[in-house]
Amino acid sequence: MKLNPILAAALLAVSASASFASTSGVVISQAYGGGGNSGATLKNDFIELYNAGSAAVSLNGWSVQYNSTTGTASWGVTTLSNITLQPGQYYLVQESAGTGGTQNLPTPDATGTLAMSGSGGKVALVSSSTALTGDKPTSASIVDLVGYGSANYFEGSAAAPATTNTTAVQRAAAGCTDTDQNSADFAAGTPAPRNTASPVGTCTVSGPTQRSIPEIQGSGSASPFVGEKVQTSGVVTLVTNNSFYMQDLNGDGNAATSDGILVYTGSAPTVVAGQLVQLQGTVAEFNTGAASNADTAAHTVTELTGISGISVLSSGNVVTPTVVTLPESVDGELERHEGMLVTINGPLTVQQNYFLGRYGQLSLAVNGRQEQPTNRFRPGADAQALNDANNRARILLDDGTSVQNPNPTPYIGADNTVRAGDTIATLTGVLDYGLATSSNTDYGDYKIQPVGAVAITRANVRPTVPATTGGNLRVASFNVLNFFTTFTDGNTADGQSGQGCKLGDSTSASNCRGANNLAEFERQRAKIVEAIAAIDADALGLMEMQNNGSTAVQNLVDALNAKVGAGTYAIVPDPAAGTGTDAIKVAMIYKPARLGTSGAAQSDIDPVNNRPTLAQTFGTANGSFFTLVVNHLKSKSSCPTESDPEYAGNFDSGDGQGCWNAKRVQQAQRLVTWVNSLSTGAGTTDAVLLGDFNSYAQEDPVATLVNGGFQDQIARFNAFGYSYVFNGVSGRLDHGFVSPSLAAKVTDATDFHINADEPAIIDYNTEFKQPACPTCGPDYYSATEYRSSDHDPMVMGLSLLTTINGTAGRDEIIATPGDDVIIGGGNIDKISTGEGKDLVVINAVSDAMDLVTDFMPGEDRIDLHGLLASIGYTGSDPIGDGTIRVADGQRGAKVQLKWAASFTGYKTMVLLQGRQAAEIVPARDLVLSGPTLQKKRSRKSVH
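A brief structural summary.

What counts and what doesn't
- Residues numbered from 1 in each chain as written.
- Predicted model: local features only at pLDDT ≥ 70, side-chain atom pairs only at ≥ 80, totals over all residues.
- Heavy atoms only, no water.
- Helix = DSSP H or I, 4+ residues; strand = E, 2+ residues; numbered from the N terminus.
- Buried < 20%, exposed > 50% of the residue type's maximum accessible area, 1.4 Å probe, protein only.
- Contact = heavy atoms within 4.5 Å.
- Areas by Shrake-Rupley, 256 points an atom, 1.4 Å probe, with all protein chains shown as cover.
- Lys, Arg positive; Asp, Glu negative; His and termini not counted.
- Charge placed at Lys NZ, Arg CZ, Asp CG, Glu CD.
- 1 Å grid on protein atoms, 1.4 Å probe; cavity = no way out; pocket = protein on both sides within 12 Å on 5 of 7 lines; lining within 4 Å.
- Points joined across faces, edges and corners; volume = space filled by probe spheres on them.
- Nonpolar A, V, L, I, M, F, W, Y, C, P; charged D, E, K, R; others polar.
- Phe/Tyr/Trp six-rings, centres within 6.5 Å; stacked < 30°, edge-to-face > 60°.
- Lys NZ or Arg CZ within 6 Å of the ring centre and 35° of its normal.
- Pairing = 2+ DSSP bridges.
- Axes fitted to C-alpha atoms, helices over the stretch in contact; angles between N-to-C directions.
- Salt bridge = Lys/Arg side-chain N within 4 Å of Asp/Glu carboxyl O.
- Disulfide = S-S within 2.5 Å.
- Core = buried A, V, L, I, M, F, W, Y, C linked by side-chain atoms within 4.5 Å.
- Polar contact = N/O pair within 3.5 Å; in protein donor to acceptor, adjacent residues only side chain to side chain.
- Parallel < 35°, antiparallel > 145°, perpendicular 65-115°, else oblique.
- Left-handed = near helix turned anticlockwise from the far one by under 90°.

**Some points on the overall build of the protein chain**
Looking only at helices and strands, the protein chain features 15 helices and 53 strands. Overall, the C-alpha framework of the protein chain stretches about 125 × 65 × 50 Å when taken along its three principal axes. Residues counted as buried form 55% of the 943 residues belonging to the protein chain. Taking the intrachain contacts of the protein chain between residues at least 6 apart in sequence as the baseline, contacts between residues at least 24 apart amount to 68%. Here the protein chain has roughly 35700 Å² of accessible surface; of this, 50% comes from carbon and sulfur atoms. When the 56 positive and 86 negative side-chain charges of the protein chain are each reduced to one mean point, those points stand 7 Å apart.

Structural data, given as structure tokens:
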């Protein structure tokens, strides 16, 4: 859950809100429930009272009462002694003892047997001995109330902090602070019980201190006036569902102190933007994350709580936004603008949209797309410098509300998406700080709560096909994000119930990781089918398939063939050595019309692998062979504990490579050895290694593969390749490597950006969407390839062609059944291309009038780039400028050259028998550029 100042306060506010002003002056000053527990020093629990008033108070007939955090039954009661408590005097109530501890309490003034929790509970001071009932009693006899930890009943907007066996909740200022806000009035600290014999305290009773907003904020990371009740004024700049921001009308002119502040009201504020208001409240620092979160603890949000006395002084006031420039010169300098109305000039680029649907949040940055540091640099100083630069350039765009799964979903644009890579020209809003992810132990970041509409430009257009060029074969990999035909509800795709998924020796529905039910599965499968159809690979490696034999893979192939044509794809059977014991496995499918399997599939069941590597050698109709190897290395998550025997080298060292790096290096080393061992049996050294390697491009496992002789093809063809977006930065976990013998035959490799750039809200899941959640945002699902997974597919083009050379004379050339390059020579030739995807090459004017008897548009091509080079052509569009044309003739379509050096008019270079000119699409069927003419193509994946 995202616990930014707005959201966290709202979540707590829905639990309870009570106010019991202690008119007598006696308050609960301390509560401790860890007595005698493990690690405790004190033997007993206790409750401490304090007379913070100016008059003596009789406690005769009073009691202290206790209930658990959510307890609904009668409260436990300890009756107080007949004593008159003097101003400044403490009163100690001893409660139950544990089996541990080494120290007794000071002499108690009353003794009871209440067994209090060491982490949370509800304590009431009651002016009678009658037990309270219910989880949130409202008796007039309640003098004071403290709810702490996860208590559902407390004073104010939130409970006091949770305690441990070694900490108590203690009222600030030695018991004097009472703003009717448990969260602000109490802190957790070492138990310090005081009784009536303890030194008397003194409380100075006075009204709120008049302070300006800049004075309250101060020049440090926290206000110097935490816990103080103040009166201040400011212009309302933004109103949310449970708070508002206001800014000093004039400011103090000091760039180090913020002029704005968050005012937490706990419910919908009654103020409106532009009003100059005066109010009273208590200064607090709000930690938007867990108490143990060092990042959010260092970036608390200064706020005013316990608000009272709001008065509107004037309306129609205008605050001029302060222009803020990114990147920060030093990470964290935005603190000086916390709570202020600011304008950030861009362009700002969307980096991550994963939390758009759940929290209405986008990650933005200046200077274009941000790259994972270890995707660009080897772990070390350069990677750390890039990480720092990324942090200083980034900011979060929130939606100005604490509502989860907001309806409507903010920022959704054309095609019900907003893609990473889209841009925002400028932003105006209020600056605050909050969690950047869904975990309250994860990092936070500065964020902007916008005022007015946010205009997002679709700068990253959705691709429809992979942008690969050249080659006659396409291989690809695709992490399908847990494609399971057994669902988490125990049902299966073929109608069985009460089923489970295997994980090691366990079979349980809890081991299933994919769709929750049949409806979700059908949505998931439809998207994946669309994606695979768009990839159009001749062989495809799949990751995160359910490890249930051929069941899941065949289900997918059946659905795929129903779309692209019966028999188009077939599965590679599981190897005899097996597919391991993990719940997921790697798998492989291929087009039998394009490839034939050579020998049985192989799997590497070496215990170093979490999932056995899968290899299959394929042969083409023209006699070429290559081995395809599918991999899924150990994940970066689920870090080992110190007691784990594999802890060394596998804990997160902070170098950017995450957890289990040593394990992935071992798996990469094993992969090098194993693949090299396959070549003898395969009859070829040509190998493609693809899959999800769970390692960014410059990390140790990738370096291990490269040092082992396998060449990184995404790096070869892309300046910035990425297949995954995590924590707002992009990098590639999905790779394509080839053996040295195959490298020259690779024509291209790229990432197909259909998933990583898309928001999770458009995926197949039905939870947190209408109609399953009526108050949530709409269901944006569509049966398209977009957000079919969280990883982008990797696609590689291969040129496995047989070259057939004609002679200088007239030849009759018959191609192989496979894919060929046919070079007729310098005379009139008759060419039969056959069944494959063939390339007919014309290199010179002398090689005119060749006849192709069975040219197949969309399959075969005519290569004219050498011909154009031979005549000295320097243009960029030979079709557009009329140098090349396709015209109809009596026997078929004529591909012609206009060459003014020898004659006027056109010369027929190739006659395509039986074809019409309208059937020929030059961009598809003619090769007009090559190494001598083709402009250098940008390989950047940034749009």
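**What about empty space enclosed by the protein?**
Following the criterion strictly, the structure yields 3 cavities of 30 Å³ or more and no others. Here the largest cavity defines a volume of roughly 120 Å³. Forming the boundary of the largest cavity are 18 residues, of which D574, T579, K585, V586 and A587 lie nearest the centre. For the lining of the largest cavity, the secondary-structure elements that each account for two or more residues are β31 (584-590) and β34 (613-619). Among the elements that line the lining of the largest cavity, the one with the most residues is β31, at 4 residues. In the lining of the largest cavity, the residues fall into 10 nonpolar, 6 polar and 2 charged. Estimated volume of the second largest cavity: approximately 70 Å³. What lines the second largest cavity is a set of 13 residues, among which Q352, Q361, S363, L396 and A436 lie closest to the centre. Mapped by element, the contributors of at least two residues to the lining of the second largest cavity are β21 (362-366) and β22 (394-397). Here the residues of the lining of the second largest cavity are counted per class, giving 6 nonpolar, 6 polar and 1 charged.

**Here's the deal with the packing of aromatic side chains**
All told, the structure shown has 12 aromatic pairs when counted by the stated rule. Between Y354 and F355, the aromatic rings sit 5.1 Å apart at their centres with planes inclined by 85 degrees, giving edge-to-face as the arrangement. Using a relative accessible area of 9% as the deciding quantity, one classes F355 as buried. Aromatic side chains Y647 and F651 sit 4.8 Å apart centroid to centroid with 20 degrees between the ring planes, which places their arrangement in the stacked category. By the ring-pair criterion, three or more aromatic residues cluster together here, those being Y354, F355 and Y359. The ring of F768 carries R358 above its face, with NZ or CZ at 4.1 Å from the centroid. When the ring centre of Y781 is taken as reference, the NZ or CZ atom of R523 above it lies at 4.1 Å.

**As for the sheet that holds strand β46 (residues 830-832)**
The strand order β44-β46-β48-β52-β51-β50 describes an open sheet built from 6 strands, whose pairing is mixed. Edge strands, defined here as strands with exactly one partner in the open sheet, are β44 (812-814) and β50 (884-888). Sheet twist, expressed as the average angle between the axes of neighbouring strands with direction ignored, equals 25 degrees. Where β44 and β46 come together, 3 bridges link them in parallel fashion. Counted as the bridge partner of I814 is S832 from β46.

**Focus: the pattern of salt bridges**
A side chain of one charge can pair with a side chain of the opposite charge when the charged atoms of the two come close. Inspection of the entire model under this criterion finds 34 salt bridges. E758 is the partner of R462 in a salt bridge, and the nearest nitrogen-oxygen pair spans 2.8 Å. With R462 in the loop between β25 (456-457) and β26 (473-483) and E758 in the loop between β41 (746-751) and β42 (794-798), this pair connects stretches of sequence that are 296 residues apart. Neither residue differs from the other here; R462 and E758 are each classed as buried. One network of salt bridges, with partners in common, ties together R369, R419, R462, D757 and E758.

**Describing the state of the cysteines**
This structure, assessed with the given rule, holds 4 disulfides. Here C176 engages in a disulfide with C203; their sulfurs sit 1.8 Å apart. Here C176 and C203 share a disulfide; its torsion about the S-S bond, -80 degrees, makes the bridge left-handed. Taken together, the positions of C176 in the loop between β11 (168-171) and α2 (182-185) and C203 in the loop between β12 (186-189) and β13 (209-210) put the pair 27 residues apart, joining distant regions of the chain. With relative accessibility at 24%, the residue C203 sits in the partly exposed group. Put simply, C773 and C776 are joined by a disulfide, and their sulfur atoms are 2.0 Å apart. Because the torsion about its S-S bond is 65 degrees, the bridge between C773 and C776 counts as right-handed.

**Points about the sheet that holds strand β2 (residues 44-51)**
Spatial strand order, β8-β7-β2-β1-β11-β12: 6 strands in an open sheet with mixed pairing. Every other strand in the sheet has two partners, leaving β8 (110-111) and β12 as the edge strands with one partner each. Pairing of strand β1 (residues 26-32) with β11 involves 2 bridges; the strand directions are antiparallel. By the bridge assignment, Q30 is partnered in β11 with Q170.

**Remarks on the nonpolar core**
Most often, soluble globular proteins have nonpolar side chains that are buried together. With 36 residues, the main nonpolar core has F478, I532, L542, M545 and I589 as its most contacted residues. Mapped by element, the contributors of at least two residues to this core are β26, α8 (518-535), β29 (539-546), α9 (551-564) and β31. What L542 contacts, discounting residues up to four positions off in sequence, is F478, V480, I532, L556, K585, V586, A587, I589 and V630. Of all hydrophobic cores here, the second largest spans 33 residues; its members include Y245, L326, L364 and I424.

**Remarks on the side chain of D604**
Within the secondary structure, D604 sits in strand β33 (residues 602-604). Within the structure, D604 has its side chain in polar contact with the backbone nitrogen of D606 (distance 3.2 Å). Setting aside chain neighbours within four positions, we find D604 in contact with N609, P612, T613, R670 and W674.

**Points about the packing of helix α10 (residues 661-682) against helix α11 (residues 700-707)**
Interaxial distance between α10 and α11 falls to 8 Å at its minimum, and their mutual angle equals 20 degrees. With respect to α11, the element α10 is oriented roughly parallel. Seen along the crossing, α10 lies across α11 with a hand that is right-handed. Contacts between α10 and α11 pair N661, R664, V665, A668, Q669, L671 and V672 from the former with D700, P701, T704 and L705 from the latter. Looking at side-chain class alone, the contact of α10 with α11 contains 6 nonpolar, 3 polar and 2 charged residues.

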